[in-house]
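A structural walkthrough
Each chain, letter by letter, is given below.
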Amino acid sequence: MDVQYEHLTKKFGAVTALDDFTLHVPDGDFLVLLGPSGCGKTTALRCLAGLEKPTSGIIRIGGKVVNRLQPRDRDVALVFQSYALYPQMTVGNNIMYPLRIRHIPKEERLRMAHDVARRLEIDALFDRRPNQLSGGQRQRVALARAIVRNPNVFLMDEPLSNLDARLRVNMRAELKHLQKTLGTTTVYVTHDQAEAMTMADRIAVMRDGRLEQVGTPDEIYFSPETVYVAGFVGSPAMNLLNVRVDSASRALVGDGFSLSATSVLEAHAVDETKHYILGVRPEHLTLSLEAHPGSIAGAVYAVEPMGNETLVYVKVGQSTLVARADAMLRAAVNTPCWLEIREDRLLLFDAETERRVPRR
Ligand SMILES: Nc1ncnc2c1ncn2[C@@H]1O[C@H](COP(=O)(O)OP(=O)(O)OP(=O)(O)O)[C@@H](O)[C@H]1O
Ligand SMILES: [Mg+2]
C-alpha cells in the first residue's frame, strides 16, 4: 500500500520536529528517510505508526486517512534499533507472538513462523532464547516477528545500527533482497548515507523537519539540488569551493586557482556579480604529479591508501580538496600536484540560496 504525508507538522512544545512535511511513498517502494540527528526522522515514523499525534496535516495509508486510527488498526510493523524481544520466550514464540494475539490457530502459527524463519535463516534457532543469540541473529528474529504479520507497511528505525560493521553490510543486502521478495512498502530511517544509497529505491533527505530533496540514489548522488544534499551524501564528501565567474577569461576563479570552464559557463545561467559554490566529487578529479596545463595546482596534504584506491588530500589556497587516485599512488606530504576537473561532472550552486544553478 502507498503512504502519503500531506503538510504534516508536529510540534513538541516550542520544538517543531516536522515542518509542513509532504512525501509520497508508492506501493512496494523501499523509501529511506535520511538526515542528521534531530531532523525529525523518528517523529515521521512514529506519526505514521500512530504513536504520535500530528499537530496538523494528514497521513494516508493505501489512500485512506489514518489520522484517527489507533496504531493496531493501521496494520504497520515497526522494527527498532533495540530489538525488544521477549527474553523469557523462545525465538519461535517471539516470532509467533503477533499471530497469537490475533488468535490464529496454533498449527497455522507454527507453519507461518517456520516459513519466515527459514527465509531469514534462523530456523535452526527456533527453540533458543534471545540471550543465547548474537546481535545479528536477534535482529533477524525481530525482523521475522515483523514480517510474519504480513503488514501493510514496514517501518524501520535504524534497525542495523547496533550491529558490527561487517554484519551491517551483510544485513543491508539481506534486507534489501527480502523487501523486494515480499514487495511490502517500507519506510526506513537512517543517518548513514551509505545505507541509504545502497538500500533505497528512493531517498528522502530531511533537514530541520523539512523535506530537502527526494529522488533515486542516482538522482541524489549525481544531481543534488542543494549544497546540503551534495555535502551529506557521498564518502568522502563532495568538494565544495567558493568561486566567482570571470567572463573575460571564461573561468571560475577561487582561492588559489583559476579554472577555465567555457562549457560550464555556457551551460549555466551565471553572472559576474554573484558568488557561487563549485561542487565536484573526489572521483571526478584526476590527480597528477606532473604539471598539467588547465588544471588546478596544489600540494599533497595527506595520502590515505584504502587498498582498492588511494584518497589524496590536496591543499589549494586555503582549502583542502580530496581526490580518488590510483590504488598504488604514493606521495610525500607537500609534493606539488595537479588536479584536473571533469567539467561535465562539475556542479554549480548559488552561494546565497545554496541551490543548484539551473542549466540554460
Ligand atoms: N517526545 C518529545 N518531546 C520533546 N521533543 C521531542 C520529542 N521527540 C522528539 N523531540 C524533538 O524533535 C526533534 C526531532 O526528533 P527525532 O527523534 O524525530 O529526530 P531523529 O531525526 O530521529 O534523530 P536521531 O537521528 O537522533 O534519532 C528533536 O529536536 C527532538 O529533540
Ligand atoms: Mg531517531
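Residues numbered from 1 in each chain as written. Chains lettered and ligands numbered in written order. Predicted model: local features only at pLDDT ≥ 70, side-chain atom pairs only at ≥ 80, totals over all residues. Heavy atoms only, no water.

Some points on the domain arrangement of the protein
- Domain boundaries in the protein define domain 1 (3-232) and domain 2 (239-350).
- Placing a centre on the C-alpha atoms of domain 1 and another on those of domain 2 gives a separation of 39 Å.
- In this complex, domain 1 contributes nine residues to the contact, which on the side of domain 2 involves seven residues.
- Summed over both sides, the interface of domain 1 with domain 2 buries roughly 680 Å², with 62% coming from carbon and sulfur.
- Among the residues of domain 1 in contact with domain 2, Tyr221, Phe222 and Val227 are the three that bury the most area, contributing 67% of the side total.
- Seen at the junction of domain 1 and domain 2, the total is zero salt bridges. (Domains from an automatic or database assignment. Contact = heavy atoms within 4.5 Å. Buried area = accessible area lost by both parts, 1.4 Å probe. Salt bridge = Lys/Arg side-chain N within 4 Å of Asp/Glu carboxyl O.)

Considerations on the pairing of strand β7 (residues 153-157)
- Taking burial as the measure, the five residues of β7 include five buried ones, the bulk of the element.
- Burial along β7 is two-sided: Val153, Leu155 and Asp157 facing one way and Phe154 and Met156 facing the other are all buried.
- For strand β6 (residues 76-79) and β7, the ladder comprises four bridges, and the chain directions are parallel. Its bridge partner being in β7, valine 79 is matched across the sheet by methionine 156.
- Where β7 meets strand β8 (residues 185-190), five bridges bridge the pair, whose relative direction is parallel. Bridge pairing links valine 153 to threonine 185 in β8.
- Remark: the β7/helix α6 (residues 165-182)/β8 crossover connection has right-handed handedness. (Buried < 20%, exposed > 50% of the residue type's maximum accessible area, 1.4 Å probe, protein only. Helix = DSSP H or I, 4+ residues; strand = E, 2+ residues; numbered from the N terminus. Pairing = 2+ DSSP bridges. Right-handed = clockwise from strand over helix to strand, strands pointing away.)

Some thoughts on the pairing of strand β17 (residues 310-316)
- With respect to burial, β17 is a largely interior element, five of its seven residues being buried.
- In terms of strand pairing, strand β16 (residues 296-305) meets β17 through six bridges, oriented antiparallel. Among the inter-strand pairings, glutamate 304 is bridged to a residue of β17, identified as leucine 311.
- Connecting the antiparallel pair β16 and β17 is a turn made up of four residues, with glycine 307 showing a positive phi of about 95°.
- If you look at the hairpin formed by β17 and strand β18 (residues 319-325), you'll find two residues sitting between the two strands, and glycine 317 has a positive phi there, around 55°.

Structural notes on the nonpolar core
- Grouped together as the largest cluster of nonpolar side chains are 43 residues, with contacts concentrated most on Ile95, Leu120, Ile122, Leu143 and Tyr188.
- Leu252, Ile296, Ala325 and Ile341 belong to the second-largest nonpolar core, a separate cluster that totals 30 residues. (Core = buried A, V, L, I, M, F, W, Y, C linked by side-chain atoms within 4.5 Å.)

Comments concerning the site of ligand 1
- If you check the shell around ligand 1, you find Phe12, Val15, Ala17, Pro36, Ser37, Gly38, Cys39, Gly40, Lys41, Thr42, Thr43 and Glu158 and nothing else.
- At 2.7 Å, a side-chain N or O of threonine 42 approaches an oxygen atom of ligand 1.
- Considered on its own, ligand 1 offers 640 Å² of accessible surface; in the complex 59% of this is hidden by protein.
- Contributing elements (two or more residues each) for the shell around ligand 1: β2 (15-25) and α1 (41-49).
- Here the shell around ligand 1 takes three residues from α1, the largest share from any one element.
- Its residues assigned to classes, the shell around ligand 1 shows five nonpolar, five polar and two charged. (Near = heavy atom within 4 Å. Polar contact = N/O pair within 3.5 Å; in protein donor to acceptor, adjacent residues only side chain to side chain. Areas by Shrake-Rupley, 256 points an atom, 1.4 Å probe, with all protein chains shown as cover. Nonpolar A, V, L, I, M, F, W, Y, C, P; charged D, E, K, R; others polar.)

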